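Residue strings, one per chain:
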Amino acid sequence: MIDYSASEVRAIFEREGMAGFDGQEARECLMYYVCPVCYGQLTSFLIPGTHLHAVACVEHGNVEQIGRITANTVQVLMLQATARFWDAVRNLDDLWGGLIPPPLSEQDILKDLGF
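Computed from a prediction, not measured in an experiment: that's the story for all the values here.

Conventions adopted
- Counting starts from 1 at the beginning of each chain's written sequence and moves along it residue by residue.
- Local features in a predicted model are, by the rule used here, given only for residues with pLDDT of at least 70; side-chain atom pairs are given and counted only at 80 or more, and totals for whole chains, interfaces and linings are based on all residues.
- Think of the side-chain values as coming from all heavy atoms in the structure, minus any hydrogens and water.
- Accessibility here uses a 1.4 Å probe with only protein chains present; expressed as a share of the type maximum, an area under 20% marks a residue as buried, one over 50% as exposed, and anything in between as partly exposed.
- Elements are defined by DSSP. Helices are runs of H or I of four residues or more, strands are runs of E of two residues or more, and each kind is numbered from the N terminus.
- At least two bridges found by DSSP between two strands is the condition for calling them paired.
- To qualify as a nonpolar core, a set must consist of buried Ala, Val, Leu, Ile, Met, Phe, Trp, Tyr and Cys residues joined through side-chain atoms within 4.5 Å.
- By convention, a stacked pair of Phe, Tyr or Trp rings (six-membered ring in the case of Trp) has centres within 6.5 Å and planes under 30 degrees apart, an edge-to-face pair has planes over 60 apart, and any other such pair is tilted.
- By definition, being over a ring means that NZ of Lys or CZ of Arg is both within 6 Å of the ring centre and within 35 degrees of the ring normal.
- Pairing of N or O atoms within 3.5 Å defines a polar contact, subject to two protein rules: one partner must be a possible hydrogen donor and the other a possible acceptor, and residues neighboring in sequence count only if both atoms are side-chain atoms.

Participant: Got a sec to walk through the pairing of strand β3 (residues 53-57)? Specific residues and values, please.
Facilitator: Burial analysis of β3 places four of its five residues in the buried class, the great majority of the element. As defined by bridge partners, strand β2 (residues 43-46) adjoins β3 across four bridges and the pair is classed as antiparallel. What sits directly across from F45, in β3, is A54. Where β2 folds back onto β3 in an antiparallel hairpin, the turn is made up of six residues, including G49, whose phi is positive at roughly 80°. In the sheet, β3 pairs with strand β4 (residues 61-62) via two bridges, with the strands oriented antiparallel.

Here's what the structure looks like:
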């Protein structure tokens with residue numbers, strides 16, 4: 001792990017054009033947003049020597065560079081993707097027939113019930 005001094009961290013933020021977040025903005029960002037790449041939780045940390053916070057995904061970096069997406073939007077996207085998945089499986093029964101068992105005949109149902 002690289003250990004940067006407070007002045008080095010501030011210089012990196014200035015060079016990259018990142019402003020940081022005040023405490024309230026950082027809390028709101030953590031509450032309502034997730035990483036746009038992996039949909040994972042965001043983390044906030046204080047920028048040394050300032051009152052500002054950086055908000056980042058531990059895997060993909062600072063949200064000022066990668067962006068952010070609301071958790072509600074991700075939930076809607078996941079529900080839509082799930083609906084599309086089952087439609088695709090249903091339409092590709094020759095390729096994915098093992099996922100959807102073939103319907104049983106009337107005789108097979110009666111046999112399973114013991115008649």
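The structure having been displayed, the exposition proceeds.
Participant: Describe in detail the nonpolar core, supporting the description with residues and values.
Facilitator: Core analysis: the biggest nonpolar cluster contains eight residues, these being F21, A26, C29, C35, L42, V55, C57 and V63. Elements with a contribution of two residues or more to this core: α2 (23-32) and β3.

Participant: If you had to explain the sheet that holds β4 to someone new, which residues and values would you point to?
Facilitator: Judged by pairing direction, the sheet is antiparallel, and its three strands sit side by side in the order β2-β3-β4 without closing on themselves. A strand with exactly one partner marks an edge of an open sheet, and here the two such strands are β2 and β4.

Participant: So what's going on with the packing of aromatic side chains? Residues and values would help.
Facilitator: Note on aromatic pairs: each is described by the distance of the centres and the angle between the planes. This model, assessed by the stated rule, comprises one aromatic pair. A ring pair is formed by F85 and W86, whose centres lie 4.9 Å apart and whose planes are at 75°; its orientation type is edge-to-face. Taking relative accessible area as the criterion, W86 reaches 41% and is therefore assigned partly exposed. R68 extends its terminal NZ or CZ atom over the ring of Y33, reaching a point 4.9 Å from the ring centre.

Participant: Now, about the environment of T73: what can you tell me, with residues and values included?
Facilitator: Position of T73 among the secondary structure elements: in helix α4 (residues 71-91). At 2.6 Å, the side chain of T73 forms a polar contact with the side chain of T70.

Participant: Kindly report on unusual backbone geometry, identifying the contributing residues and their values.
Facilitator: Here Y39, not a glycine, exhibits a phi torsion of approximately 60°, which is positive. Its location among the elements puts Y39 in the loop between β1 (33-34) and β2. Residue classification places Y39 among the partly exposed positions, given a relative accessible area of 34%.

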